[in-house]
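# Examination of the molecular architecture
Next come the chains, spelled out residue by residue.
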Amino acid sequence: MDQESAAGSIVVCPDGPLIVRGGFEIVTPSGDAVPRERKTVALCRCGASAIKPYCDGKHKIIKFRTEPPTP
């Protein structure tokens, strides 16, 4: 495993979720740990997922779009 994989990574999917890989802990605003059984998870950005904070693919149904980054 290379250094980047050990530390983890976050990939921003255009018009979709954040793909989180590695040893991150996900917590609620109150600091409680969110159950995580996989090393790679997709986190919702559209707000419509029924399994928040995880993505359930609803972004495709609601046609969620992200703005391109400004230079």
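Just so we're clear, the structure is a prediction, and the values are computed from it rather than from any experiment. (Residues numbered from 1 in each chain as written. Predicted model: local features only at pLDDT ≥ 70, side-chain atom pairs only at ≥ 80, totals over all residues. Heavy atoms only, no water.)

Along the protein, the regular secondary structure elements total two helices and three strands. Starting at the N terminus, the α and β elements of the protein follow one another as α-β-β-β-α. Among the 71 residues that make up the protein, the fraction classed as buried is 23%. For the protein, long-range pairs separated by at least 24 residues make up 23% of all intrachain contacts whose partners lie at least 6 apart in sequence. Within the structure as shown, the protein displays about 5,500 Å² of accessible surface, and the carbon and sulfur contribution to it stands at 56%. (Helix = DSSP H or I, 4+ residues; strand = E, 2+ residues; numbered from the N terminus. Buried < 20%, exposed > 50% of the residue type's maximum accessible area, 1.4 Å probe, protein only. Contact = heavy atoms within 4.5 Å. Areas by Shrake-Rupley, 256 points an atom, 1.4 Å probe, with all protein chains shown as cover.)

Mapping Lys63 onto the fold places it in the segment after helix H2 (58-61). Given the relative accessible area of 58%, Lys63 is considered exposed. Sequence-wise, Lys63 and Asp15 are 48 residues apart; in three dimensions their C-alpha atoms are separated by 8.0 Å.

Pairing is antiparallel across the open sheet formed by three strands, whose spatial order is E1-E2-E3. Edge positions in the sheet fall to strand E1 (9-12) and strand E3 (40-43), since each of these pairs with one other strand and no more. Sheet twist, expressed as the average angle between the axes of neighbouring strands with direction ignored, equals 20 degrees. Pairing of strand E2 (residues 18-21) with E3 involves four bridges; the strand directions are antiparallel. For Val20, the partnering residue across the bridge sits in E3 and is Val41. (Pairing = 2+ DSSP bridges. Axes fitted to C-alpha atoms, helices over the stretch in contact; angles between N-to-C directions.)

Once that is clear, we can look at the UniProt feature "domain: Iron-binding zinc finger CDGSH type" (unreviewed entry) in the protein. Mapped onto this numbering, the UniProt entry gives "domain: Iron-binding zinc finger CDGSH type" (unreviewed entry) at residues 29-65. Along residues 29-65, the helical share is 11% and the strand share 11%, with 25 Å between the first and last C-alpha atoms. (UniProt positions renumbered as here; feature names shortened; annotations may be inferred.)

Scanning the entire structure with this criterion turns up two salt bridges. The partner of Asp15 in a salt bridge is Arg65, and the shortest N-O contact between them spans 3.9 Å. Taken together, the residues span a long stretch of sequence, with Asp15 in the loop between E1 and E2 and Arg65 in the segment after H2 at a distance of 50 residues. (Salt bridge = Lys/Arg side-chain N within 4 Å of Asp/Glu carboxyl O.)

Each neighbour pair has its own omega, and for Lys52 with Pro53 the value is 10 degrees, a cis peptide bond. Inspection of the secondary structure puts Pro53 in the loop between E3 and H2. The backbone of Asp15 shows a phi angle near 60 degrees, a positive value even though the residue is not glycine. For Lys63, which is not a glycine, the phi torsion comes out positive at approximately 55 degrees.

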